[in-house]
Each structure stands twice: as structure tokens, then as C-alpha cells.
Amino acid sequence: MSLTESQTRYVNFYTDFAFKKLFGTEVNKDLLISFLNSLFDGKEVIEDLQYLNAEHLGHAMAERKAVFDVYCKNDKGEKFLIEMQKAEQSYFIDRSIYYSTFPIQEQAPKGKWNFELKRVYTIGILNFIFNEKDPNYMHHEVKLMEINKKEIFFDKLTYIYLEMPKFRKEKSELVTVFDKWLYAIKHLGDLEERPAELKEAIFKRLFEQAEIANFTAEERYDYRESQKNFWDLNNVIETAEMKGRVKGIAEGRAEGIAEGEYNKALDIARNLKSYGMPMSQIIAMTGLSEDDINVL
């Protein structure tokens, strides 16, 4: 469990404030460049970035707009759209692809054009799991592919998704700079000091910029608000997940196919009862009957 903001030394990277301060500001663009270069591992080498307007409108004022977390381009005109996704959304892949159409369409100049496009990279740092099939496969890289030949058909459009909950390496297991970036992103808000394993100068910069004591009063206020929003979102998610589990338990027991889930519900109810939670709330949260709970 994460520490409270008053107890932590460094910001929670998953908050909007921290993500945009550390990856979305001119003064810290060396942090983003280092992260992207470690992500691409030599396939793309970024020497400099220019931040672009993060708010985009459709062709008409009535059309839906898109607001990117971080949007930039390199000296070759290639675009990078970097998003922090704190919670799973319905159609989040669809949303990601929709967003990528803006940096594609805006490449069309006025007047004559031969339709040559610059590369567009959409990168999602996800604080949730969207692919349950493989618990260890967390780094997704997607391009348009010729299915029959299993060859890349078009290499100028790339989608990269990092399922951060699947990153489980300990400090002693960190080998590459990319490993170290993933560790820093995931654990920054829980660390009391910079780990010795993150010895590179870029991580010294990261921890300096992420230290709450170095913030102005306005920055500390903005961070507290951002952290509060993050906690509120997590509470909503946890409540929804619990309700979903409870519904499944109740339905499963009624059908006689979820004895294991029923036993889990009993364990939850036993704990809630020990904390003095009212019977009505335990029933609502576990889906059990009053008779089930009374015998605990």
C-alpha cells in the first residue's frame, strides 16, 4: 500500500501532475528522451524533442476534440503521443487509435502534397492489465501487418502499451536502463531514497525533480489535488471490482458452481465482522445471507 502524500518523499508518477511535470515540461525533457531511447533500444534514437500543443480539435468546431497527456516531435518530424492510463476504460484501444489519427491528419500541408507521412508513435503507460492471457507479457508493440505473410505491412504507425502491474522485477534484477525506468515509474512514490541500482545521472535528475520538498507552494498544492484525484479513482475502481466479485459469487452459489468463491465471501465477511461493520453493509458487500454471516 502506498504511503500518504505527507509521508512520501517523492511524487506518485501515476498522478497527472507528476506525469506531466516529469515527462511533459521543457525543463525535464531530458527525462522523457532518456525513457523513449531506453524503450526503443536503438531502433529509434532521439536527440531532441519539441513539445506540441496537446489539445486538438476536429475539422469543424462541433467535432469532438482530443487532449493528449504529452505530445511532441523529434528533429525528423516524427510524432510521439505519450499517455498515462490510470484505469481501464471501455474501448481504450479504440480511443488510442482515434487519438493517433490527429498527428496523422495534421501532416497534410496546404496545397500540393504527395501523401508521404512521418512516423507516429502512440505510447501508453498503463496502470492496469488489459491482457490476462499471459501474466508476464507486459510490453506490447503493434504495427499494421500482412496477416498471411506475417510481415509488417506499414511501419510508420506504431502503438506501444506497457502493462505496468505485470512489471515485477526487483532492484537486484534490473539490467537495462529500460528496466530501471519501469522500476522508477512503478515505485517512485513509495521510495525513501534513490536506489543504488539506479546510479545513472538521468535518475539522479529524476529523483531531484520528483522530490516534493523541492516544489513551490503552488506545486505542492497542485500535487496534493492530483494525488487526491488518483486516490478517489482507485477507490471507485476497487468498489466496482468488489461489487462485480460479489455479484458473481451470489450468482455462482445460486447455480451451485462457485463453492470456492462462496468460501472467499465467507472469509471477507468474517474480516468485515471483526472490524464491527454493520450486518446490512456486510450483506451488501459480500452477497451472503444474514444466516450465513451469523454463524461466523
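Up top you'll find the structure we're talking about.
All figures in this text were calculated on a predicted structure; none of them were measured in a lab. (Residues numbered from 1 in each chain as written. Predicted model: local features only at pLDDT ≥ 70, side-chain atom pairs only at ≥ 80, totals over all residues. Heavy atoms only, no water.)

> Tell me about unusual backbone geometry, and please be specific about residues and values.
For Asp-41, which is not glycine, the phi torsion reads 50° and is therefore positive. Exposure remark for Asp-41: the relative accessible area of 66% places this residue in the exposed category. A positive phi angle is found at Lys-150, which is not glycine, with a value near 55°. As for its position among the elements, Lys-150 is in the loop between β7 (139-146) and β8 (151-163). Its relative accessible area of 65% is what places Lys-150 among the exposed residues. (Buried < 20%, exposed > 50% of the residue type's maximum accessible area, 1.4 Å probe, protein only. Helix = DSSP H or I, 4+ residues; strand = E, 2+ residues; numbered from the N terminus.)

> An account of the pairing of strand β6 (residues 120-126) is requested, with residue identities and associated values reported.
Burial within β6 is extensive, with seven of its seven residues counted as buried. Burial along β6 is two-sided: Val-120, Thr-122, Gly-124 and Leu-126 facing one way and Tyr-121, Ile-123 and Ile-125 facing the other are all buried. As paired elements, strand β5 (residues 79-85) and β6 share seven bridges and run parallel to each other. Note that in β6 the partner of Phe-80 across the bridge is Tyr-121. Handedness of the β-α-β unit built from β5, helix α3 (residues 92-105) and β6 comes out right-handed. Pairing of β6 with β8, which is carried by seven bridges, proceeds in the parallel orientation. Note on β8: the bridge partner recorded for Ile-125 is Leu-162. (Pairing = 2+ DSSP bridges. Right-handed = clockwise from strand over helix to strand, strands pointing away.)

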